[in-house]
Amino acid sequence: MDKKTAIFLANGCEEVEALTTVDLLRRAEIPVTMVSINGTEEVTGSHGIRIMADTTIEKLDFDAYDMLICPGGIPGTPNLAACPALTKQLVKFQEEGKEVAAICAAPSILADLGLLRGKTAACNPSKENVLRAGGANLVFAPVAEDGNIITSRAMGTAVPFGLKIVEHYRGREFAESLRKTILFAEEG
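Residues numbered from 1 in each chain as written. Predicted model: local features only at pLDDT ≥ 70, side-chain atom pairs only at ≥ 80, totals over all residues. Heavy atoms only, no water.

Colleague: An account of the layout of surface pockets is needed here, citing residue identities and associated values.
Modeller: In this structure, the largest pocket occupies an estimated 390 Å³ of space. Surrounding the largest pocket, 15 residues form its lining, Pro160, Leu163, Glu167, Glu176 and Arg179 being those nearest its centre. Among the elements of the structure, α6 (158–170) and α7 (172–181) are those that each provide at least two residues to the lining of the largest pocket. Classifying every residue of the lining of the largest pocket gives eight nonpolar, no polar and seven charged. (1 Å grid on protein atoms, 1.4 Å probe; cavity = no way out; pocket = protein on both sides within 12 Å on 5 of 7 lines; lining within 4 Å. Points joined across faces, edges and corners; volume = space filled by probe spheres on them. Helix = DSSP H or I, 4+ residues; strand = E, 2+ residues; numbered from the N terminus. Nonpolar A, V, L, I, M, F, W, Y, C, P; charged D, E, K, R; others polar.)

Written out as structure tokens, the structure reads:
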């Protein structure tokens, strides 16, 4: 797999959203780098779980990546939003047609940057007004994909979110096979 993804971790990130996504991408053999924005590789999630990232944002060559992924969590989401090195790249990726993905509160970062205007998107209920103000077409599905942007609603939708990214790169059949392997029930 020649496509590379990077997931950004800040203190206060939602651990399940971050690590479920990483787990599913690695099971699918899609390269994913865990990137700390803290200046050190250790990140403490919103529930006190310590995570060791692979690298820090200062060392990352963004040009080597195809997708940037933002997990939610409080204060993880505001911490990501306050990182100019990340927000600049989110805008650049969108402008270049590269992929961006965000879950839970993190789609609000994309909305605040103007990246969701006219796009179908999902988010945590606490951030629906931010997405509406940012011009998004809000949906209440577990995951929304519109062009090069994938968004999702919360910790409980982390598996569908990760599977949607897998589907984006490996195809529907592969993602469905992975879903069955992990015994994740279909909705409906």
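Colleague: I'd like to hear about the side chain of Thr56, residue by residue, with values.
Modeller: Along the polypeptide, Thr56 turns up in strand β5 (residues 55–56). Taking relative accessible area as the criterion, Thr56 reaches 4% and is therefore assigned buried. With sequence-adjacent residues up to four places away left out, Thr56 is seen in contact with Val35, Ser36, Gly39, Thr40 and Glu41. (Buried < 20%, exposed > 50% of the residue type's maximum accessible area, 1.4 Å probe, protein only. Contact = heavy atoms within 4.5 Å.)

Colleague: Describe unusual backbone geometry, listing the residues and the values that go with them.
Modeller: Going from Ile74 to Pro75, the amide bond is cis rather than trans, its omega being 10°. With respect to the helices and strands, the residue Pro75 is situated in the loop between β6 (67–70) and α2 (76–81). Its identity is not glycine, yet Cys104 carries a phi of approximately 70°, on the positive side. Following the sequence through the fold, Cys104 ends up in the loop between β7 (99–103) and α4 (107–112). Since its relative accessible area comes to 9%, Cys104 is described here as buried. The phi torsion at Leu183 lies on the positive side, around 60°, for a residue other than glycine. Taking relative accessible area as the criterion, Leu183 reaches 75% and is therefore assigned exposed.

Colleague: Tell me what's going on with the sheet that holds strand β10 (residues 143–146), and back it up with residues and numbers.
Modeller: As summarised here, the arrangement of the seven strands in space is β5-β2-β1-β6-β7-β11-β10, forming an open sheet in which the pairing is mixed. Taken across any chain shown, the strands that pair with only one partner, and hence form the sheet edges, are β5 and β10. Running at roughly 130° to β6, helix α3 (residues 84–96) makes contact with β1 (5–9), β6, β7 and β11 (149–152) of the sheet. On the sheet, α6 packs against β1, β6, β7, β10 and β11 and is oriented at approximately 170° with respect to β7. (Pairing = 2+ DSSP bridges. Axes fitted to C-alpha atoms, helices over the stretch in contact; angles between N-to-C directions.)

Colleague: Which residues make up the environment of Ala158, and what values do they have?
Modeller: Tracing the backbone shows Ala158 in helix α6. You can call Ala158 buried: its relative accessible area is 1%. Residues Ala158 and Leu19 lie 139 residues apart in sequence; the distance between their C-alpha atoms is 9.0 Å.

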